[in-house]
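# Overview (structure and organization)
Single-letter residue listing:
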Amino acid sequence: MNDSSSSIAQSLQTVGAQLVNYEQRYQRAAGSVRLLAVSKRKPLSAIQAAIASGQRAFGENYVDEGVEKILTLGDASIEWHFIGAIQSRKCASIAQHFQWAHGVDRVKVANKLSSSRPAASPPLNICLQVNLDNEDAKAGVAIEDVPALAAECTGLPGITLRGLMAIPAPREDMAEQRATFARLKTCLTSLQTEFPQMDTLSMGMSGDLEAAVAEGATIVRVGTAIFGARES
Ligand SMILES: *Cc1c(COP(=O)(O)O)cnc(C)c1O
């Protein structure tokens, strides 16, 4: 193992142990929080190092980069999540190559993902991205519009509505982080009566993991804490 692959192995272990610790601290069931390793802008060698340590779920936010990695690795045991903003001209590519898309925020995109999902593949799992802080520059549907969008996405062939995703504005204070994540949790809970297949809360990144687990995250999306800082 070279230096960077052993440090990835170590970081994965550290983050995994943190998740176990937070699950216990916040009375979450053991194993109820899945770790999505966000490998955007990281080389294939970094992903391979994570795979060698047992990681199986990876998140990418650039379609072309992600598809190239998926095809190059050609490993059917890996679950690929598209977590970036979804442009409608990229929907076909996402639907063909990924198992999850977390950034669905309009029905046009849901329709395109649905119609371009290959018939031989199981439905694409989708999460609706919610713009919790009403930030102009950020993708996502306003929280009050989530129920209508959920209704429109349900019943489309080729996709399964699994839950909600958010990328809140960065906050230092854990109580504030928790209050924001709690709004997403409340929104999911209220939808679950009508849409019982919605079981996923995709929230929490390297800087707000603990708050996300405390408030019910089922998928945390972690890049920096596993792979180190990205050059941008
Ligand atoms: C980059 C990214 C992450 C990971 O962020 P880190 O701070 O590096 O852990 C998670 N979610 C989304 C949508 C991202 O774009």
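It should be noted that the structure appears before, not after, this text.
Okay, so let's go over this structure.

Rules behind the numbers
- Residues numbered from 1 in each chain as written.
- Predicted model: local features only at pLDDT ≥ 70, side-chain atom pairs only at ≥ 80, totals over all residues.
- Heavy atoms only, no water.
- Helix = DSSP H or I, 4+ residues; strand = E, 2+ residues; numbered from the N terminus.
- Rg over C-alpha atoms; globule rule 2.2 N^0.38 Å.
- Contact = heavy atoms within 4.5 Å.
- Salt bridge = Lys/Arg side-chain N within 4 Å of Asp/Glu carboxyl O.
- Buried < 20%, exposed > 50% of the residue type's maximum accessible area, 1.4 Å probe, protein only.
- Pairing = 2+ DSSP bridges.
- Right-handed = clockwise from strand over helix to strand, strands pointing away.
- 1 Å grid on protein atoms, 1.4 Å probe; cavity = no way out; pocket = protein on both sides within 12 Å on 5 of 7 lines; lining within 4 Å.
- Points joined across faces, edges and corners; volume = space filled by probe spheres on them.
- Nonpolar A, V, L, I, M, F, W, Y, C, P; charged D, E, K, R; others polar.
- Near = heavy atom within 4 Å.
- Polar contact = N/O pair within 3.5 Å; in protein donor to acceptor, adjacent residues only side chain to side chain.
- Areas by Shrake-Rupley, 256 points an atom, 1.4 Å probe, with all protein chains shown as cover.
- Axes fitted to C-alpha atoms, helices over the stretch in contact; angles between N-to-C directions.
- Parallel < 35°, antiparallel > 145°, perpendicular 65-115°, else oblique.
- Left-handed = near helix turned anticlockwise from the far one by under 90°.

## What to know about the overall build of the chain
Along the backbone of the chain there are nine helices and eight strands. For 232 residues, the compact-globule formula gives about 17 Å, and the C-alpha radius of gyration of the chain, at 17 Å, lands near that figure. In terms of principal-axis extent, the alpha carbons of the chain reach across some 50 × 40 × 35 Å. Intrachain contacts of the chain at a sequence separation of at least 6 include 57% that bridge at least 24 residues.

## Some thoughts on the pattern of salt bridges
This model, assessed by the stated rule, comprises eleven salt bridges. Here Arg162 and Asp199 are joined by a salt bridge, their closest N and O atoms 3.0 Å apart. On the criterion of sequence distance, the pair formed by Arg162 in strand β6 (residues 159-165) and Asp199 in the loop between α7 (174-192) and β7 (200-202) is long-range, its members being 37 residues apart. Owing to a relative accessible area of 38%, Asp199 belongs among the partly exposed residues under this scheme. Each of Glu60, Glu65 and Lys69 takes part in one network of salt bridges that share partners.

## Considering the pairing of strand β2 (residues 57-60)
Here β2 shows a buried face lined by Ala57 and Gly59 and a second buried face lined by Phe58 and Glu60. Where strand β1 (residues 34-38) and β2 come together, two bridges link them in parallel fashion. Bridging across to β2, Val38 finds its partner in Gly59. Remark: the β1/helix α2 (residues 44-52)/β2 crossover connection has right-handed handedness.

## So, unusual backbone geometry
One non-glycine residue with positive phi stands out, namely Gln27, at about 55°. Looking at the secondary structure, you find Gln27 in the loop between α1 (3-25) and β1. Although it is not a glycine, Asn134 adopts a positive phi angle of roughly 50°. Mapped onto the elements of the fold, Asn134 is located in the loop between β5 (124-129) and α6 (146-153). By relative accessible area, which is 54% here, Asn134 ends up exposed.

## Description of the layout of surface pockets
Here the largest pocket is characterised by a volume of approximately 320 Å³. Lining the largest pocket are 19 residues, and of these Lys40, Asn61, Ile167, Met205 and Arg221 sit closest to its centre. Residue classes in the lining of the largest pocket are distributed as nine nonpolar, six polar and four charged. Empty space within the second largest pocket amounts to approximately 190 Å³. What lines the second largest pocket is Ile167, Pro168, Ala169, Pro170, Arg171, Glu172, Gln177, Thr180, Phe181, Met205, Gly207 and Asp208. Across the lining of the second largest pocket, the residue classes tally to six nonpolar, three polar and three charged.

## Quick word on α2
Buried residues of α2: Ala46, Ile47, Ala49, Ala50 and Ile51, and no others. Immediately downstream of α2, the backbone of Gly54 shows phi near 100°, a positive value.

## Re the site of the ligand
Taken together, 13 residues lie around the ligand, and Lys40, Asn61, Ser206, Thr224 and Arg230 are the ones closest in. Contact between the ligand and Lys40: an oxygen atom at 2.7 Å from a side-chain N or O atom of the residue. One of the backbone N or O atoms of Gly223 is found 2.8 Å from an oxygen atom in the ligand. Its free accessible area being 390 Å², the ligand has 90% of it covered by the protein chains.

## Side note on the side chain of Glu215
For Glu215, the location among the structural elements is in the loop between α8 (209-214) and β8 (219-222). For Glu215, the residues in contact, after removing those within four places along its chain, are Arg178, Phe181, Ala182, Lys185, Leu201 and Met203.

## What to know about the packing of α2 against helix α3 (residues 63-73)
Axis separation between α2 and α3 bottoms out at 11 Å; the angle between their running directions is 55°. By the criterion of interaxial angle, the relationship of α2 to α3 is oblique. Between α2 and α3 the crossing geometry is right-handed. Taking contact as the criterion, the partners of Leu44, Ile47, Gln48 and Ile51 in α2 are, on α3, Lys69, Thr72 and Leu73.

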